[in-house]
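# Coordinates in review
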Amino acid sequence: MDLFTLKYGLFSDKPDLLHNLPSLQKMKDRFPRYIKRAERAQMMGRTIAREVLLPKVLELDTKCQKDPSYVDWELFKELNRRKALTGFVPEKMGGLGWSALDCFAFIEESFAACVGISAWYLFNLFGVACAFVEFKPEICIKILQDMVKAQREGKPLSFAWSITEPSAGTDAEDPLAMAKMKPSAYAKKVSGGYLINGRKQFITNGDLAHFVVATICTDPTRPAVESMGTFYFPTTTKGFSVERLEHKCGHKAKHTAALVFDDVFVPDADVWEEPGRGMRHTREILSITRGVVGMLGLGNARGALERCIQFASQKKVNGHRLIDENWVQIAIADMLKDIMILRAKCYDFAIALDKLHVFCILENIPAKAALKVLPESLLMSESLQALAKSPWLSKAVSRFKHSLVTDETMEYFASQGSALKVAGTDLAMNVSSRVLDITGIEGMAYRYGMEKIYRDAKASQIYEGTNQANRIDLFMQEIGEVIGSC
Amino acid sequence: MLTEDYKEILDVSRKFAAKEIGQHILDIDLEPSIEWTKALWMKSREVGFPGLVIPESHGGFSQTGLCAALVLDSLASECAGAASIFAHHYAACKCIMAGNTTQQKTYLPQFANSNAEDAVISTVVFLPSFEDNKLHFHEKKGRLVLSGKSELTANAFLARYFCVFLDEGNQGKDITCIVIDKNDPGVKIGDSAGFTGLKINPFAPVIFDEVTIERERFIGERGKGFEIMRSTEDLYHGLLAASAMGAARTAYRKARAYAAERYQYGTMIINHQEIQRMLGAMLMKLGIGTSGYIQAMAGESVELPFAEARSRFAKIFCTDSAVEIVIDAIQVHGGYGYMHDYGVEKIFRDVKVLHLLGGSSPRLHMQTIVETM
Ligand SMILES: Cc1cc2nc3c(=O)[nH]c(=O)nc-3n(C[C@H](O)[C@H](O)[C@H](O)COP(=O)(O)OP(=O)(O)OC[C@H]3O[C@@H](n4cnc5c(N)ncnc54)[C@H](O)[C@@H]3O)c2cc1C
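Reading guide: rules and limits
- Residues numbered from 1 in each chain as written.
- Chains lettered and ligands numbered in written order.
- Predicted model: local features only at pLDDT ≥ 70, side-chain atom pairs only at ≥ 80, totals over all residues.
- Heavy atoms only, no water.
- Near = heavy atom within 4 Å.
- Polar contact = N/O pair within 3.5 Å; in protein donor to acceptor, adjacent residues only side chain to side chain.
- Areas by Shrake-Rupley, 256 points an atom, 1.4 Å probe, with all protein chains shown as cover.
- Pairing = 2+ DSSP bridges.
- Helix = DSSP H or I, 4+ residues; strand = E, 2+ residues; numbered from the N terminus.
- Contact = heavy atoms within 4.5 Å.
- Salt bridge = Lys/Arg side-chain N within 4 Å of Asp/Glu carboxyl O.
- pLDDT = per-residue confidence, 0-100.
- Buried < 20%, exposed > 50% of the residue type's maximum accessible area, 1.4 Å probe, protein only.

## Structural notes on the site of the ligand
Close contacts around the ligand come from 30 residues, with T164, T170 and T466 of chain A together with R262 and Q331 of chain B the closest. Of the chains in the model, those with residues near the ligand are chains A and B. Between W161 of chain A and the ligand, the recorded distance is 2.8 Å, taken from a backbone N or O atom to a nitrogen atom. One nitrogen or oxygen atom from the side chain of T466 of chain A is found 2.6 Å from an oxygen atom belonging to the ligand. Protein contact buries 96% of the 970 Å² of open area that the ligand shows by itself.

## A word on the sheet that holds strand 5 (residues 175–181) of chain B
All names here are of chain B. If you trace the 4 strands from one edge of the open sheet to the other, you get 1-4-5-8, paired in mixed fashion. The open sheet has two edge strands with one neighbour each: strand 1 (121–125) and strand 8 (218–219). Where strand 1 lies against strand 4 (residues 159–167), 5 bridges are found, and the strand directions are parallel. Across the sheet, residue V125 finds its bridge partner in strand 4, namely V164.

## Considerations on the interface of chain A and chain B
With 53 residues of chain A in contact, the opposing surface of chain B contributes 41 residues. At the junction of chain A with chain B, the criterion picks out 3 salt bridges. R447 of chain A is paired through a salt bridge with E151 of chain B; the nearest N and O atoms lie 3.5 Å apart. Across the contact surface, chain A and chain B share 24 residue pairs in polar contact (both at pLDDT 80 or more). Ranked by residues supplied to the side of chain A that touches chain B, first place goes to helix 20 (residues 450–460) of chain A with 6 residues.

## What about the confidence of the model for chain B?
Per-residue pLDDT for chain B has a mean of 94; in total, 100% of the residues score no lower than 70. Two summary scores accompany this predicted model of the complex, namely pTM at 0.96 and ipTM at 0.96.

## Some remarks on the side chain of R230 of chain B
Considering the arrangement of structural elements, one finds R230 of chain B in helix 7 (residues 226–259). In this structure R230 of chain B touches R312, Q367 and E371 of chain B, once residues within four positions along its chain are discounted.

## Focus: the pattern of salt bridges
Residues and elements named next belong to chain A. Inspection of every chain in the model, using the stated rule, returns 64 salt bridges over all chains. Here R343 ties to E108 by a salt bridge, and the two come within 3.0 Å at their closest N and O atoms. One end of the pair, R343, is in helix 13 (residues 326–356); the other, E108, is in helix 6 (residues 100–113), and 235 residues separate them in sequence. E108 shares its class with R343; the two are buried. The closest approach of N and O atoms between R222 and D219, which form a salt bridge, is 3.1 Å. Shared partners join several salt bridges into a network, and the residues in it are D16, R46, E108, E109, R302, E306 and R343.

Laid out in C-alpha cells, this is it:
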C-alpha cells in the first residue's frame, strides 16, 4: 500500500500558508515580498520533504537503531545542495536571505516529514544561533562565511550546543535552578585562556560537530550561575572526546552524545561570554529555540495526522472507508483544530522574531546598508573578517545588537517560547498517540511510520527544558513579578 | 481475594521472570531473536506456564483465568513481550476448551507441552479490522478451503497452532472458529510487521492459501461460534489488562526510585510537588486498574446499576492508563528516560502495542454500546 495518495498536506501542490494563516493576507498588502518569499520557502520545504526526506525516514530510523553512529552523508549533501542549511544566510553571501517567517514556513514541512532527520540538520543551527546571540561581528561573519563555503563545497559543517551535564539538566537551563546546580564540568583560568575538564550529556550532534559551544562554570566556590561562562572550541582540540552515543527511543537519525573534556584549552578570544554571563547567553538562545521546538511539535503532530488521514482513506471497514466513520471524522477534526490554533501562535512567534529579535538585525539600517553597498567578494573575504575584528567595531556592533534585543525582549520571548514549546510538544505526544487509536493495531506496522512519530514525540517533551521546567519559566515570567516573592 | 495458592504461583512466576527475563531483556530488546524467545518458552515449561489454564485431565494445572492474569502481570513487569506470548497462547487454549472431547484430547495435552519434545505454542486470530484479503471459506474440488490473510498475528513465528475466528456473514454474528496447523499445506508466514514494541514476539501476517479445512477442525458448529469468541475475548482482554498493569508497575517503580535519587533545584526531585502529583496519579491508576482486572477475572461485580466488572472494561482502562503512566515515567526520568539503558522507553514501546491489541479503546467503547442496542 502506497501510503501517500491524497493530495493533502505535504502532498498538496499549492502553498497554503495564506489559507492556514488568513491574517497574513492583510500583511501581504503592505509587505508583498515578505509574504511571497515565505510561500516559496514553504513550497521548498514541501518539495524537500517529499523528494529528499520521506524516502529516507524509515531507512535512517532502522540503520541508526542498529548503529547509532550511522550517518547518511548523501542525504546531507542533497540537503546542502538545496541550501536547506543556509537559508537564513543573506542572499548576497550565498544564502536565501530568509526571514524568521520563511524559516518557520520551511521547517514546518521538514518536521512534518521527519523530526529526527530535521533535528539532525536543523539543530545544527542552534550552534550558529549561539554566535548571533552574542553578535561579535568577527565571529558571525566568519561562521556565515564558513557555512557558505561548506555549502558550496558540499561539505558538512556542524555545531553542537552543549549545556546539559550528567548532574544537571534542568539546573543548566533555569536561573533559579542553576543557583543550586552541582556542575559536572569546570573551566579553570590559566594564562591566555581556560582549561576545561568534565562531562556533558545528551549533546545533539556531539560526535559530528566541528565546533562546540559549551556553557561551563569557572568557580567551584560560588553558585554555578555566578561563574557560568560560554566557551567555543573546535572538536579537534586536544582533550576533547566523545564517550558514547546513546541508544534512544526515537529521534534516531539525530545523534545524541556524551562528551568528555580532559584539559581542553580554550583561548581567551574564544570565550564568548565572560564567567557570570553564561546563563544570559543560554536564556537568549532558548528564547529563540523553544519556539522552534514548538514548531517541531506542530510538525510532529501534523506528520502523524497526515499519515493517519492517508491510511484511513484507504482502509475499508464494513463496506466503507475508515475515514467515512463518524467518530474518526470527529477525532481528526479535533486534532486539526489543535494544529490550526497552535500554528497561528507559531507564526505569530516567527513574525515577532523578525520584528524584535536577532532576525531584525539584518533588517536594520546599518546592516542592511552594509549588505547593500559591500560587494559580494568583500562579503566573503578575509579582509572583512579582519575589519570586523577591530575592537571598536566589534564593541559598537555588539552594543548595537544589545540595544535592539534588550533583556526585556529576551525574557518576553523566553516566556512566549516556553508556552509554544509546551503546547507544541504536548500536542505532538497527544496526536501521535491518538492517530494510532484510529488506525488500530495495523497502524503500528513499521512501514506506515506512525509509530516512529509516536516514539519521536516523547523526546520533544524533554529537551529544550522539560515541559515542567518550561511551565515554571512561563509562570515566573508572566505571574512571578505580579505576585512578588514570598 | 488472592488465596495462598495464587500467592505461591505468583512467587514462582516473579522469580522466573526476574531470573530468565529481567536480567537479559534490555540486551535482547536491541537484538531480539526467535531462538531466545523459544528458549524462554522451553524454560517456562519447567514451571508449568504453558499448561496453566488447561485442565489437569489434559496435562495442565486447571488454573483460573485470574491466576493466568496474575502470572502475566508478573511476567510483564519484566517484559510485556513475554506476557503477550502467553496471552495469545492461553486465549487459544480457551478456544480449544470449548471444543468437543476429541479435540480437547488431541490438542490440549500438546498445548500444555506436557510431553512434547518441541515447544508447542499456539495463538489466536480474531476478526481483522480491515477488509483487505479477508479470511473466507470457499469450495475447491469438493473440499472446503480457507483463504485470506490475517495481517497481524501474534506468535506468528512461534506458533504451531492457530485458532482462527471468521465472520462469514460480515455482521459480526455468524462466527466460526477453526484450528489450523502451521504445517497444513497452504499456510504461510509473511515478513514481520516490524513492531518496535513487544519485540521478542514479532507479529507477522499469516497467509492462508486454500488451506483444506476438514470437519474436525471446527471448534463448535460452523457459524455458531459467537459465544466461543466472546468468552475467548473475555479471557484475552483480562490478560492484556494484567500485562499492561505489570509493565506499568515497573515503569512506576523505576520512576519512584529515580525521583528519590535525582537532584535538581538543589533537592531530590520527589520533593517537587509536580513530581509527587505525577507519581500519585500513576499509583492511583495502578491501584484501580489492578483491582479492576482482578474483579473482572474473578467475575465479582458489585451489585449496583452499571457497575459491572468486565474484562473488556479492564482492558481499556488498564491499557489507557499504562500508556499514560509510562509517558509520565519517562518524563520523571528526564533525558535519561528516553535512553535505552534505563528500561523505561522499552516499556513505552511495549504498552502502546498492548493498548491497541484486542481493539483500540474508542472501538471497544462503541462496541459496548452497540451490544446494548
Ligand atoms: C534527544 C535529546 C537531545 C538533547 N540534545 C541536547 C543538546 O543538544 N544540548 C544540550 O545541552 N542538552 C540536550 N539534551 C538534554 C536536555 O536538554 C535535558 O535532558 C533536559 O534539559 C532535562 O534535563 P535532565 O534530563 O537532566 O532532567 P532533570 O533536570 O533531571 O529532570 C528530571 C525530572 O524532574 C523534573 N523537574 C526538575 N525540576 C523540577 C521542578 N522544580 N518542579 C517540577 N519538576 C521538576 C523535570 O521536569 C523532569 O521531569 C537533549 C536531550 C534529549 C532527550
